[in-house]
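# Chains, contacts and geometry: an overview
Single-letter residue listing:
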Amino acid sequence: MSSGGRPIRVLNVAEKPSVAKAVAGILSQGGGMRVREGRSRFNKIFEFGYTIRGQQCQMLFTSVTGHLMELDFDDRYRKWHSCDPIQLYRAPVVKYVPEDKMDIKRTLEEESRNCQWLVLWLDCDREGENIAFEVVEVCTQANRHLNVWRARFSALIDRDIRESVEALVRPNQLFADAVDVRQEIDLRIGASFTRFQTMLLRDAFHLDFARDNRNVVLSYGPCQFPTLGFIVERYWEIQSHEPEEFWTINCTHNSDEGIATFNWMRGHMFDYTCAVIIYEMCIQEPAATVSVTEVAWNSSFTTNAAVKLSQTVPNYNHEWYWGSACSKVAKVRQEEKLKYPPHPLTTIELEKRASRYFRISSEQTMKVAEDLYQAGFISYPRTETDCFSQRTDLRAIVQEQQGHPVWGSYAQRLLDPGEGLWRNPSGGGHDDKAHPPIHPTKFSSGESRWSQDHHRLYELVVRHFLACVSKPAVGAETTVEVDIASELFSASGRVILEKNYLDVYRFESWGGSMIPTYTFGQQFAATTLTLDSGVTRPPTLLSEADLLNSMDKAGIGTDATMHDHIKKLLDRCYATKDSNTRFSPTNLGEALVMGYDDMGYELWKPYLRAMMESDMKLVSTGAKRKAEVLETCLEQMKACFLDARSNKAKLFEAMEVFFERSGRSGADEQQAGGDITRRCGVCQESDMVLRRKPDGNFMVGCLGFPQCRNVVWLPGSLAEAAVTTNTCSICTPGPVFMIQFKFRRLEIPHNYNVDHLARAGPTTTSSSNQQRNPRQIACTHCMQYGHSSNVCPSQVSHSSMARSQGVNQQNGKISYLS
C-alpha cells in the first residue's frame, strides 16, 4: 500500500492497441473497466482496479503503435545533396518522436505524471525491448520518480498474463542496445550506398518500373542485398549449367508377387563406351539368356547414341535390343526404420512450411500469425526457440483440442495411456530465452471472421504441436542387392507398421511400397536390363522456403525481419516471384549484384552481415560493448564504400550491359509479340522471337523471360530485319526460320552487300551457353552485342567477313553465329 492508503497508480503500456485491450480485458475480468480517450484516437486508455503482490493498484492501460521513435541524421545531413555520402559514417544522428506519433507521446507524458509505476507490456524480443526503452525515455522525462517494470508473456491468455503480472522484472538494457546498434549501422550504411548508387545511375538509365524516374530510389540494405545475392547466385548457377549426358543401367524383375526395380549401384556413368561395355557384360553373363527376338527403341536413347553403339560394339546393328540376364541375390537386409516427428515450431519453420504447403508468402504468414496471436489462439509468433520448457503443461494444451471435429479424436488417443502414443517432444537445441515454440493457446473449430489463411495457419500450428508430442512412425524396410556379372543392383521396399504422428500431421508422408520376397543366394532369370541415357539438370530457382532457409543458415536478418527483407526486394523491383513462389532477379537486381561483384567486394554475399548479426547478439549478452561493435562495423563498411566509389565505372558498366543492351526491362515488353524464329535452345520450353527495341536495335529473345534470358543481339548497324519462311538446313532441332536483314549503307564498308539472309542464333551448345552468359562482352568498335570485334560489320572488309562467316556471294546468304 502506498502512503495514505491510496492505491498505487500504474501506467501500463502495450505495443499495439489490440494488445492493450486484450490484456486489460483479461486482468479486469471483463467487469469494472472504464474506457476513455487519449490524445491519439487510436490509442484508448482502459482503467480498472487490480491487486499486484498484495498491493491495491489503479491500472491505466494504453499503447503505442510499434516504435515510438525514429533514428535519423541531424537536419543538415538529411537532404541528399547536403553532403558527400562518405560523411554519413560520422554524421551526428538523433532519435526523435516523429510528428505522427506526437499525440501518443503527449498521452504518455500526461498519464505518467500522476503515476508511481510504469509497467511495459511490449513484445518480448529485442525489438520490443528497444521500444520499451523509448517509452521509458518519454515517461521518465515527465516523471523521473517512476518505478519501471517489465511484464514478460508469450500468449494473450489468462494463465500467461496473470503469471507475468505477478512476476514483473526490470527491462533489459542490453537487448535495447543491440537494436540501437543495428539501427545505426543500417542507417549509415544504407543511406550512404543508397545515395551513391541512386545518384550515379538514376539519371543515366531509364528505369521502366518508375513512372517518375527523378524520384526513384535504388535502395541498398545490409540485409536486403545479401538476400538478393542468394537469388542472383542461384540464377547464375542455372544460366551457367552445362547439360552433360550420362548413361545408367536399369534392371527390373517380374515375379508372381509383382515387379521390382533395381537401381545400378554405380548410379550413372558419363563415359558412354564404358557404360556399353559393362551393359554387354551383364547381358552376356554365361548363365544369362539374351533375348533378341523383340526389337524396341528405348525412348530416352537418341539416334546418335544408337549410331555410336553400332560403331563401338561389334555385331550390333543400327538397332537397340532389350536384354535379359540371370541374377543372383547377393544380400537381403531387413530393419526397422523410424520417421521422427518435427521439432517444435519456430518462426522460420512456420514461414517455410506455410510457403511449402499452402504457398502463403512469409509476409502474409506473419500478418495472419499476428492476428491469431492477438486474438489469443496461438502463442507469440516470433521465436527462435524449438524446445519446450519442463514447466510447460503440454497435456493441458492437448486436452483443449479434444473437442475438435477433425483432430479431436487423435488428441483423445494421445492422452489415453493405453494407446501408448505420447512422447515428450525432442528439441532442436535453440532457445532464445524469450518465448516458447509456437503452439495453440485456445481451442477453435474455426471462427466466422477468419479467412482461409487464418484457418490454414491455425490448423498447421495445432497439427504440428500434436505431432511433436507423438511417437515416431514405425516402418519395416527391406533392401535387396542382386549380382549380375559382378555388377550390383539394389531395390528397397517399405511398409508402415505404425503411422502414429502421421495420423494427424497430414502435411508429411512416408512413401514406399513392398517388393517381392527374395532370399540370399536365390537365382532368377527373366531380368530385364536397359541402358538408358539422361542429362544433368540445373538446380531450380529458389522458392520462398529455400530463400528463408538460406537466410537462416547464413544469419541474415532475424526471425522477426526476414519476411520484410524479402518483401523489400519485390517492392524495389530487384526480384520477381512466380506462382510457384520461386524467385528470379530482375535486370536491375542482377545488374547491381554484378556491378558490386566486378568491383571485387562481395557485398552481395552474406558474410559481412552475418558477422554484424553475430556481434549484435554479443551486445545483447553483454559480451561486447555497443560502441565497440559500432566502431568496427562502420570502419569496415566505410572502407568498402570508398573502394566502391573509386570503382564506380564498373557498376555503371554492369548497368549498361543489363539495361541498355538487354532489351527486356519493360514489363509490357515481356508479353510483347514478335515473329517466331525457333524454339529456345536454353529453356527448351518457349519460342525465340525477333523484336526491335525503342533504340532501333534488333534482337531475338526468348518469350520465357524472366525465367529464361536467352538473347541474340543482331548487329547495331541494321536498318531492317524480318523473319522469312525460309528454314535453315543446318540448324537442329528445327525448324529455324531465316531472317532477312539490311545494313545501313553508311555504317558498313562500301563494297559490302547491304542485304543478307541469316539464321538467328547458335547452332552448337557452346554458342548457346555463350548467349546466356551474363558477362558477355560488347564489340569494341560498335558497342553492340551478338558479335565479336573481329567480325564487326562496321570494321571488317567484305572479303574477310565473307571468309569468317561463310557468305554465299551468289545468293547473299550469311550464317549469323553469335
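Each remark here, short or long, concerns the structure printed above.
Let me sum up the structure you'll find in this document. These numbers come from a predicted model, not from an experiment. (Residues numbered from 1 in each chain as written. Predicted model: local features only at pLDDT ≥ 70, side-chain atom pairs only at ≥ 80, totals over all residues. Heavy atoms only, no water.)

With that settled, the discussion passes to the packing of aromatic side chains. Per the stated rule, a full pass over the model turns up 24 aromatic pairs. Ring geometry for Trp117 against Trp149: centres 6.1 Å apart, planes inclined by 55°, an arrangement best described as tilted. Highlighted residues: Trp117 in strand S7 (residues 117–121) and Trp149 in strand S8 (residues 147–150), separated in sequence by 32 residues. Pair check on accessibility: Trp117 and Trp149 agree, each one buried. (Phe/Tyr/Trp six-rings, centres within 6.5 Å; stacked < 30°, edge-to-face > 60°. Helix = DSSP H or I, 4+ residues; strand = E, 2+ residues; numbered from the N terminus. Buried < 20%, exposed > 50% of the residue type's maximum accessible area, 1.4 Å probe, protein only.)

This brings us to the pairing of strand S1 (residues 8–14). Counting buried residues in S1 gives 6 out of 7 residues, a clear majority hidden from the surface. Where S1 meets strand S4 (residues 55–63), 7 bridges bridge the pair, whose relative direction is parallel. Each residue of the ladder has a partner; that of Ala14, found in S4, is Ser63. Two elements, S1 and S7, share 5 bridges in a ladder whose sense is parallel. (Pairing = 2+ DSSP bridges.)

Moving on, we get to the nonpolar core. Counting residues in each nonpolar core, the largest one holds 67 residues, and the members touching the most others are Leu27, Phe61 and Trp121. By residue number, the principal contributor to this core is helix H14 (residues 452–468), which donates 8 residues. Membership of the second largest hydrophobic core comes to 59 residues, among which are Ile189, Trp236, Val619 and Cys640. (Core = buried A, V, L, I, M, F, W, Y, C linked by side-chain atoms within 4.5 Å.)

Summed over the entire model, instances satisfying the criterion amount to 47 salt bridges. Glu127 is paired through a salt bridge with Arg182; the nearest N and O atoms lie 2.8 Å apart. Residue Glu127 is located in helix H4 (residues 126–142), and its partner Arg182 is located in helix H6 (residues 173–201); the two are separated by 55 residues in the primary sequence. For Arg182, a relative accessible area of 19% puts it in the buried group. Salt-bridge contacts for Asp186 lead to Arg182; the nearest nitrogen and oxygen are separated by 3.7 Å. Of this pair, Asp186 and Arg182 both sit in helix H6, 4 residues apart, which is roughly one turn of the helix. (Salt bridge = Lys/Arg side-chain N within 4 Å of Asp/Glu carboxyl O.)

Here the focus is helix H15 (residues 544–554). Buried residues of H15: Glu544, Ala545, Leu547, Leu548, Met551 and Ala554, and no others. Phi turns positive one or two residues past the end of H15, at Gly555, with a value near 75°.

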